[in-house]
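Geometric and topological summary
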Amino acid sequence: MKTVFIGFLLLVGVSAAGQQTIPSSIEQLVTAQFEKEHIQSGIVHVYSKSRGLNIQWANSKEDTITTHSPFYTASITKLLTATAIGILQDQKKLHFDDSVAQYLPPSLLNKLHVLDGNEYSNDITLAHLLQHTSGLPDYFTDTTTDNSPNVINQLLLKPNKVWSPEELIQFTKDKMTPHFKPGLGHYYTDTGYVLLALVVETVSDMPFHQFLHRHVFQPLGMTHSYINLKSTPIDKSLPMAAFYAGTHKLSAIPSLSADWGGGGLVSTTQDLITFFKAYHADDLLQKETRLMMQNWVDETVGMHYGFGIRKVSFSNLLDTETSLHVLGHSGSTASFLWYCPELDTYVSGTLNQLEASKNALLLVYDILHVIENN
């Protein structure tokens, strides 16, 4: 077993005689989670400038992994896709309330949203897509109308298939049914984020991965970040950490091309925290735009969704007395990027295992609880 643990204590010492330091307590929490049978590898990074914390941990049962290893971020990508749309709004090239039909061809949108015999494709706005209120089905997980495999089940059935964005939209139109009229509910769907990435390409006149490189990665020095199967990082020194569904290693299969604007980002904990610090400091977006993106709708108990960003209230989620909440996003690979305003603390990382996504959020709460009580 290869283990790397780095705990930097800049300002924090032992809180009281006989008590553990924050880094050692967090190491115990993360190690206990990692030792669960189904988790093959993990990376965790806890950072707070105001609290003097920069704690990094990495562990793998099989592959070589370090605290600097890039990993598949899955739906954390939505934060960056939404930010790209926000940047274009700040450039006055579009507006959140614009119809998606203003930017994408009729051939792509025709019959995309047909419900009860009525078509609502031209009624879908960018805000609907950003907030998952379009009513569109999710090509990854929704049941198909003919009971054929949805895309997530095709990843292993057809591992060498390369999906184009247009194919994903056509699959949705051919095989799935919308859930409600645009704006009349909330339903999480990657389909909307494929459309948003296509809008970025149309409006900016450059590939989605190139837009992120020019407007996010390069300005912030995110040298290990890139869109999987579409581009490469500035620093190519470390390979992407493997991630798993059960015992199946998914990280190298071409069919992951189905995960693009909604989940194709590869990054490191350092790069992700750099991004999120810049996001909150209004270095990427105008403050007014960032606050517009925090127009929350109810997602589920304890969770609210804005424009590519999620808010989790632990008191409601866990039915416990706490004032702690986090802003950010998680991914299906048990990846996470969260900021806790009450503690001014960022927590980022991954457990690289599809089955561990729920446990990852509980781990984040436990880490924050340790910091709160020291």
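Note that the structure is predicted; figures quoted are calculated from it, not measured.

**Concerning the overall build of the chain**
- When helices and strands are counted, the chain shows twelve helices and 16 strands.
- For the C-alpha atoms alone, the extent of the chain along its principal axes is close to 70 × 45 × 40 Å.
- Within the chain, the fraction of its 374 residues that count as buried is 57%.
- Residue pairs at least 24 apart in sequence account for 68% of intrachain contacts in the chain once pairs closer than 6 positions are excluded.
- Of the accessible surface of the chain, which amounts to about 15100 Å², a share of 50% is contributed by carbon and sulfur atoms.

**With respect to the side chain of arginine 290**
- Mapped onto the elements of the fold, arginine 290 is located in helix H10 (residues 287-292).
- Here aspartate 282 takes part through its side chain, which lies 2.5 Å from a polar atom of the side chain of arginine 290.
- Dropping the residues within four chain positions of it, arginine 290 is found in contact with Tyr279, His280 and Asp282.

**Concerning the pairing of strand E3 (residues 53-60)**
- Counting buried positions along E3 yields eight of eight residues, so the element is predominantly enclosed.
- By the alternation rule, side chains of E3 split into Leu53, Ile55, Trp57 and Asn59 and Asn54, Gln56, Ala58 and Ser60, which are all buried.
- Two strands pair when backbone bridges link them, and strand E2 (residues 41-48) and E3 are joined in this way by eight bridges, in the antiparallel orientation. Paired with tyrosine 47 across the strands is asparagine 54, a residue of E3.

**Digging into the environment of serine 315**
- Topologically, serine 315 is positioned in helix H11 (residues 314-317).
- Sequence-wise, serine 315 and histidine 325 are ten residues apart; in three dimensions their C-alpha atoms are separated by 8.0 Å.
- With residues up to four places along the chain from it excluded, the contact list for serine 315 reads Thr320 and Thr322.

**A closer look at the environment of methionine 240**
- Along the chain, methionine 240 falls in the loop between strand E7 (226-227) and strand E8 (244-245).
- It is 9.6 Å that separates the C-alpha atoms of methionine 240 and histidine 224, two residues lying 16 residues apart in sequence.
- Here methionine 240 is in contact with Pro70, Phe71, Tyr72, Tyr226, Asn228, Ser251 and Val266, once residues within four sequence places are set aside.

**Quick look at the layout of surface pockets**
- What the largest pocket holds in volume is close to 790 Å³.
- Taken together, 37 residues form the lining of the largest pocket, with Ser75, Gly331, Ser332, Thr333 and Ser357 sitting closest to its centre.
- Broken down by element, the lining of the largest pocket gets its largest block of residues, five residues, from helix H12 (residues 357-372).
- For the lining of the largest pocket, the per-class residue count stands at 21 nonpolar, eleven polar and five charged.

Reading the values: the criteria
- Residues numbered from 1 in each chain as written.
- Predicted model: local features only at pLDDT ≥ 70, side-chain atom pairs only at ≥ 80, totals over all residues.
- Heavy atoms only, no water.
- Helix = DSSP H or I, 4+ residues; strand = E, 2+ residues; numbered from the N terminus.
- Buried < 20%, exposed > 50% of the residue type's maximum accessible area, 1.4 Å probe, protein only.
- Contact = heavy atoms within 4.5 Å.
- Areas by Shrake-Rupley, 256 points an atom, 1.4 Å probe, with all protein chains shown as cover.
- Polar contact = N/O pair within 3.5 Å; in protein donor to acceptor, adjacent residues only side chain to side chain.
- Pairing = 2+ DSSP bridges.
- 1 Å grid on protein atoms, 1.4 Å probe; cavity = no way out; pocket = protein on both sides within 12 Å on 5 of 7 lines; lining within 4 Å.
- Points joined across faces, edges and corners; volume = space filled by probe spheres on them.
- Nonpolar A, V, L, I, M, F, W, Y, C, P; charged D, E, K, R; others polar.

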